[in-house]
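Here are the chains, one letter per residue:
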Amino acid sequence: MKMKKISTIILAAAVSASVILPGATALAYNENGEPETFEELYGNQLVNYLNHQYYFDGEAIPVNESNFYFINSFLELGNYANMGYTPATTLNYLDLAAEYPGDGYGTWGDYFVEYAENSLEMSCILCKRAEEEGVKLSDDTLADIDSLMESMKTGNAASANMTLDEYLQFYYGPGNDEVNFRKVVEKYYLTDAYSKKYCEDYVYSDEQKNPPYIRYALFYAPESADQTTKDTALADATAMKEACTGIDSLSDLINTAYTDGKLYDQGGDVVLFKGQISPEAEDFEAWAYDSSRKKGDIDVVYDSDWGYYVVGYLGTQEQISFVPNIRYALFYAPETDDQTNKDNALKAAQAMKDACSSINDLTGLAKTAYENGTVRDQGDILVPKGQMVAKFEEWAYGEGRTEGEMDIIYAPEYGYFVVGYLGIEKSITDSLKQIALKELSDSILEEIKAKSHDFHTDETYGPAPAAPTATPVPDEAIPTGPDFNPYSTDPTDASGNPAGQNMSTADVLVVVFITLAGVAIAAVIVILIMYAVKNNKNGGNTSSGKSDGKKNDSGKGKSDKSDKSEKAEKSEKKAPAKKKASRDEDEDDEDEDFIGGSDDGDSDAWKKPDDSDPDDAGDEDSDPDDEE
């Protein structure tokens, strides 16, 4: 995944619309085939759900703020319409006038309102908590917001031949302007700041810090399969177990079985956190957490949702470690570049290093160079072993390294790095942070369910007008079981990975917000909204009226079985755990091509390229915003 510089977030509808808008619509576009009005951009339904006055604990919520979250929710749900899970208009947005196929809602418009209201209220609750606990935006964050607004004005708006106010009104609704939009952005950043603090303060148990590390292979044979299929899967799983001469040989057997088409997916190694396994897979968790379990144990366990797993115990994997923290600037000149480019990159790197009187100077120089395009990436980054390109890691772990030390190193995969040693810092994997975020999400949802706050609108919502419909109403509603992740960027992508899939701490995708780099969680305001709407119906406080490089050994492979209809069915369950776990969860998805580092430190430059590890082919995350 291409990481985004923190100042580029909130390109909202502009990016999202470019992802989901088809080439032909029933609306009137200009001579260049481009929408010219808000209604042409989003269709004729969304506008009927905007401009409602909401209140939170006695205070009026600015209408442009509630509009913002309603637009965000509309785009998020539009992803599922675009993929065929829900009825879609010709613009591939959710058809809000379509009949809802399940219980509790008359139309998809009713569902949409509750979805959006939960998102808005969660944002209000997080901001209230931040105020009560004294969490404020730092000067650096305020500077990032300044940079964001300026970038939108001189970049996005100018390229569209609009003023910034016109641009904001076009994508975020009538009545928006720079001053009011900035307030919404500041509240967004505040929810993020509070979420980071929550993660930092969270106390993890020893069991959470050192969960089991499991190697697995899945022979697909759910309870619904015929007996012959189940017998064959059991026989194949048993044969694989008996053929193992040790835990290491299991990997070769898995690869062979996958190549031969016997496995549902590629299998791999996963970290398994307790309490995140589906009830049907309780034997899997029980096996992993058995107190008598020893490294090298191999067995066959059954999950009625998915089938027979051959499992191997690799031990436990530490989720908290202390690793070098490195400040860097990358002058891109890989080994494949011509010599002139490499020479120029080295000269520029040397000039930057020479200009630094101390490591503190590197931050400002690197930022300036990044902004003018001289530097491809920059920031501060924690360096866990096995994650970075060899030369970068070797320098970070060099003996006798002292704080403040600076150097220039060359990594043939990327080019020249100006590097500075900041010392040793604690690193917490995203898998572990996910536990804290789940607790945060649950606590907020509980407040909503208990109606702890006065959140309401006095206005009502009428039915959405009819819209040209591109697809029929599906027989089933969006899958929203306890293992369904509404923030997966590919909800059709079901895998037998026993750790399932869920949002990364640093990569919660909210369509209106481009994902951030180096942030504990982006837009936690909408965590599990889809799940909350489905499972807290009539219980929530809603009114009538959302490149780092990770070696992913879980290796999600595609099977011939995985056609769209089968994936749609399986995405309800995400077997068998709620949470994605892989060998190195503290990093995000990798992309050799990167478009900007984070001032906070997360970036792509130090990462192993895609072709450096064949296991990376199985990585599950994707980002539609990468197409910028």
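Let me sum up the structure you'll find in this document. (Residues numbered from 1 in each chain as written. Predicted model: local features only at pLDDT ≥ 70, side-chain atom pairs only at ≥ 80, totals over all residues. Heavy atoms only, no water.)

1. Regarding helix 6 (residues 164-172)
For step 1, the next point in the chain: Taken as a whole, helix 6 has its buried residues at L164, Y167, L168, F170, Y171 and Y172. Taken around the axis of helix 6, the buried residues stretch over an arc of 165 degrees, which confines them to a single face.
For step 2, the next point in the chain: Backbone geometry just downstream of helix 6 places G173 in the positive-phi region, at approximately 110 degrees. (Buried < 20%, exposed > 50% of the residue type's maximum accessible area, 1.4 Å probe, protein only. Helix = DSSP H or I, 4+ residues; strand = E, 2+ residues; numbered from the N terminus. Arc of directions from axis to C-beta.)

2. Examining the pattern of salt bridges
For step 1, the next point in the chain: As enumerated under the stated definition, the model contains 17 salt bridges in all.
For step 2, the next point in the chain: Between R293 and D297 there is a salt bridge whose closest N-O contact spans 3.1 Å.
For step 3, the next point in the chain: On the accessibility criterion, R293 (18% relative accessible area) is buried.
For step 4, the next point in the chain: Look at the salt bridges and you will find they share partners, linking E133, K197 and D201 into a network. (Salt bridge = Lys/Arg side-chain N within 4 Å of Asp/Glu carboxyl O.)

3. So, the nonpolar core
For step 1, the next point in the chain: Ranked by internal contacts, the top residues of the largest apolar core, which has 65 residues, are Y42 and F112.
For step 2, the next point in the chain: Residue assignment for this core shows that the elements contributing at least two residues are helix 2 (38-42), strand 1 (54-56), helix 3 (63-82), helix 4 (108-132), helix 5 (139-159), helix 6, helix 7 (178-201) and helix 15 (430-449).
For step 3, the next point in the chain: Looking at this core, the element that brings in the most residues is helix 4, giving 13 residues.
For step 4, the next point in the chain: M240, I247, Y308 and L314 belong to the second-largest nonpolar core, a separate cluster that totals 27 residues. (Core = buried A, V, L, I, M, F, W, Y, C linked by side-chain atoms within 4.5 Å.)

4. Structural notes on the packing of aromatic side chains
For step 1, the next point in the chain: Tallied over the full model, the rule gives 39 aromatic pairs.
For step 2, the next point in the chain: Aromatic pair Y105 and Y111: ring centres 5.3 Å apart, planes at 70 degrees, arrangement edge-to-face. Y111 shares its class with Y105; the two are buried.
For step 3, the next point in the chain: Between F170 and Y171, the ring centres sit 4.8 Å apart and the planes meet at 80 degrees, which makes this aromatic pair edge-to-face. Judged on exposure class, the residue F170 and its partner Y171 are both buried.
For step 4, the next point in the chain: Connected via pairs of aromatic rings, a cluster forms that spans F38, Y42, Y49, Y54, F70, F74, Y93, F112, F455 and Y461.
For step 5, the next point in the chain: Against the face of W287 rests R293, its NZ or CZ located 4.1 Å from the ring centre. (Phe/Tyr/Trp six-rings, centres within 6.5 Å; stacked < 30°, edge-to-face > 60°. Lys NZ or Arg CZ within 6 Å of the ring centre and 35° of its normal.)

5. What about the sheet that holds strand 7 (residues 320-332)?
For step 1, the next point in the chain: The strand order across the open sheet formed by 4 strands is 8-7-10-9, and the pairing between neighbours is antiparallel. With partners counted over all chains shown, the strands left at the sheet margins are strand 8 (377-382) and strand 9 (406-411), one partner each. Averaged over all neighbouring strand pairs, the angle between strand axes comes to 35 degrees, with direction disregarded.
For step 2, the next point in the chain: Where strand 7 and strand 10 (residues 415-428) come together, 13 bridges link them in antiparallel fashion. Bridging across to strand 10, F322 finds its partner in K426. (Pairing = 2+ DSSP bridges. Axes fitted to C-alpha atoms, helices over the stretch in contact; angles between N-to-C directions.)

6. A short note on unusual backbone geometry
For step 1, the next point in the chain: One non-glycine residue with positive phi stands out, namely N92, at about 65 degrees.
For step 2, the next point in the chain: Mapped onto the secondary structure, N92 falls in the loop between helix 3 and helix 4.
For step 3, the next point in the chain: By relative accessible area, which is 18% here, N92 ends up buried.
For step 4, the next point in the chain: At N161, a residue that is not glycine, the phi angle is positive and equals roughly 55 degrees.
For step 5, the next point in the chain: Along the chain, N161 turns up in the loop between helix 5 and helix 6.
For step 6, the next point in the chain: Looking at N161, the relative accessible area reads 74%, which means it is exposed.

7. Structural notes on the pairing of strand 5 (residues 298-303)
Put simply, side chains in a regular strand alternate between the two faces of the sheet.
For step 1, the next point in the chain: With 6 bridges connecting them, strand 5 and strand 6 (residues 307-316) associate as antiparallel partners. From the neighbouring strand, V300 faces strand 6, where its bridge partner is V310.

So, to be careful, I would describe these as geometric facts and stop short of saying anything about function.
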